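Close look at the chain arrangement
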Amino acid sequence: KAPCGETSGRGTCQDVVLSNSPVGPQFPFSGIDDRENWPTVFYNRTCQCQGNFMGYNCGDCKFGFIGPNCTVRRTMIRKEIFRMTSAEKDKFIAYLNLAKRTISPDYVIATGTYEQMNNGSNPLFADINVYDLFVWLHYYSSRDAFLEGDQVWTNVDFAHEAPGFLPWHRFFLLHWEHEIQKLTGDENFTIPF
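Remember, predicted model here, so these are calculated numbers, not experimental data.

The rules behind the values
Residues numbered from 1 in each chain as written. Predicted model: local features only at pLDDT ≥ 70, side-chain atom pairs only at ≥ 80, totals over all residues. Heavy atoms only, no water. Helix = DSSP H or I, 4+ residues; strand = E, 2+ residues; numbered from the N terminus. Expected span 1.5 Å × (residues − 1). Buried < 20%, exposed > 50% of the residue type's maximum accessible area, 1.4 Å probe, protein only. Contact = heavy atoms within 4.5 Å. Axes fitted to C-alpha atoms, helices over the stretch in contact; angles between N-to-C directions. Parallel < 35°, antiparallel > 145°, perpendicular 65-115°, else oblique. Domains from an automatic or database assignment. Buried area = accessible area lost by both parts, 1.4 Å probe. Salt bridge = Lys/Arg side-chain N within 4 Å of Asp/Glu carboxyl O. Polar contact = N/O pair within 3.5 Å; in protein donor to acceptor, adjacent residues only side chain to side chain. Core = buried A, V, L, I, M, F, W, Y, C linked by side-chain atoms within 4.5 Å. UniProt positions renumbered as here; feature names shortened; annotations may be inferred. Patch = residues over 30% accessible without salt bridge, like charges linked within 9 Å, V, L, I, M, F, W, Y side chains within 5 Å. Areas by Shrake-Rupley, 256 points an atom, 1.4 Å probe, with all protein chains shown as cover.

1. A closer look at helix H3 (residues 165–184)
Spanning 20 residues, H3 covers 29 Å between terminal C-alpha atoms, matching the ideal 28 Å at 1.5 Å per step. The complete set of buried residues in H3 reads His169, Phe172, Leu174, His175, Trp176, Glu177, His178, Glu179, Ile180 and Gln181. Taken together, the buried residues of H3 touch strand S3 (53–54), strand S4 (60–61), helix H1 (86–101), strand S7 (103–110) and helix H2 (130–142). Where H3 terminates, the next one or two residues include Gly185, which has phi positive at roughly 75°.

Following this line, the structure appears as structure tokens:
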């Protein structure tokens, strides 16, 4: 398999390009938090997917598409949780429990800051189950900033106190839904509202 699906035309490996837009005054520090200039503190190359492909290796279809070339448009219908049948609720709970018992085949999590990893020479990563991956992603984006020594800065929550609140959470839930679809093989699974 070629990185990023290059031989199949799904994508190419490219340098990470960061925005030149000025940052706001909400975070008055520079160069101390792993989330600044994300993701270049951990890696500087990534996949640039083509067409309707997505994912860390351009191996998945973008949300709303299916098929071998990701060209078939698919509309998903999410149900209100109070309108789900007992069987639908049971399946939802069973899928969540399966996600809690299944190690993600694609992702690991950082268990320390880049500084704690001694600038990358002491990698601190761990396997995680599919459910807790999304717990960790939400925590990581909204956690306090760790300053020098044992100091912690609690004055901003990057996931909730910024203009990216709605699009970040929409992507987060779509990604979680997609991982459960892959885990269960149920392409029709949707998260109820």
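2. Section: the packing of H1 against H3
Packed helices, taken two at a time, are described by their axes: the angle between them and the distance between them. Where H1 contacts H3, the two axes come as close as 10 Å, and the packing angle between them is 85°. Taken together, H1 and H3 sit at an angle that is classed as roughly perpendicular. Contacts between H1 and H3 involve Tyr95, Leu96, Leu98 and Ala99 from the former and Trp176, Ile180, Leu183 and Thr184 from the latter.

3. Structural notes on the domain arrangement of the protein
The domain boundaries assigned to the protein delineate domain 1 (1–75) and domain 2 (76–192). One C-alpha centre belongs to domain 1, the other to domain 2; they are set 17 Å apart. Roughly 2000 Å² of surface becomes buried between domain 1 and domain 2 when both sides are summed, with 62% attributable to carbon and sulfur atoms. Summed over the three residues of domain 1 that lose the most area to domain 2, namely Arg35, Phe63 and Arg74, the buried surface amounts to 32% of that side. Between the two partners, domain 1 and domain 2, sit two salt bridges. For Asp60, the salt bridge goes to Lys182, with nearest N and O atoms at 3.2 Å. Counting the contacts that link domain 1 with domain 2 gives eight residue pairs in polar contact (both at pLDDT 80 or more).

4. Comments concerning the nonpolar core
By size, the foremost hydrophobic cluster in this structure holds 17 residues, and its most contacted members are Trp136, Trp176, Ile180 and Phe189. Aside from chain neighbours lying at most four places away, what touches Ile180 is Tyr95, Leu96 and Phe189. Core analysis: the next-biggest nonpolar cluster, separate from the first, contains eight residues, Cys47, Phe53, Cys58 and Cys61 among them.

5. A few points about the UniProt feature "domain: Tyrosinase copper-binding" (unreviewed entry) in the protein
If you check UniProt for "domain: Tyrosinase copper-binding" (unreviewed entry), the listed places come out as residues 160–177 in our numbering. Across residues 160–177 one finds 72% helix and 0% strand; the C-alpha atoms that close the span lie 20 Å apart.

6. Concerning a nonpolar patch on the surface
Together, Tyr139, Phe146 and Val152 make up a nonpolar patch on the protein surface, roughly 270 Å² of accessible area in all. Since its relative accessible area comes to 42%, Val152 is described here as partly exposed.

7. Points about the pattern of salt bridges
With the rule as written, the count across this model stands at ten salt bridges. For Asp15, the salt bridge is made with Arg45, and the minimal N-O distance between the two is 2.7 Å. Pair noted here: Asp15 is in strand S1 (residues 11–15) and Arg45 is in strand S2 (residues 45–49), with a separation of 30 residues, a long-range link. Of the charged contacts, one joins Glu177 and Arg78 as a salt bridge, the two residues approaching to 2.7 Å between their closest N and O atoms.

8. What to know about the environment of Pro39
Note that Pro39 resides in the loop between S1 and S2. Pro39 gets classed as buried once you look at its relative accessible area, which sits at 11%.

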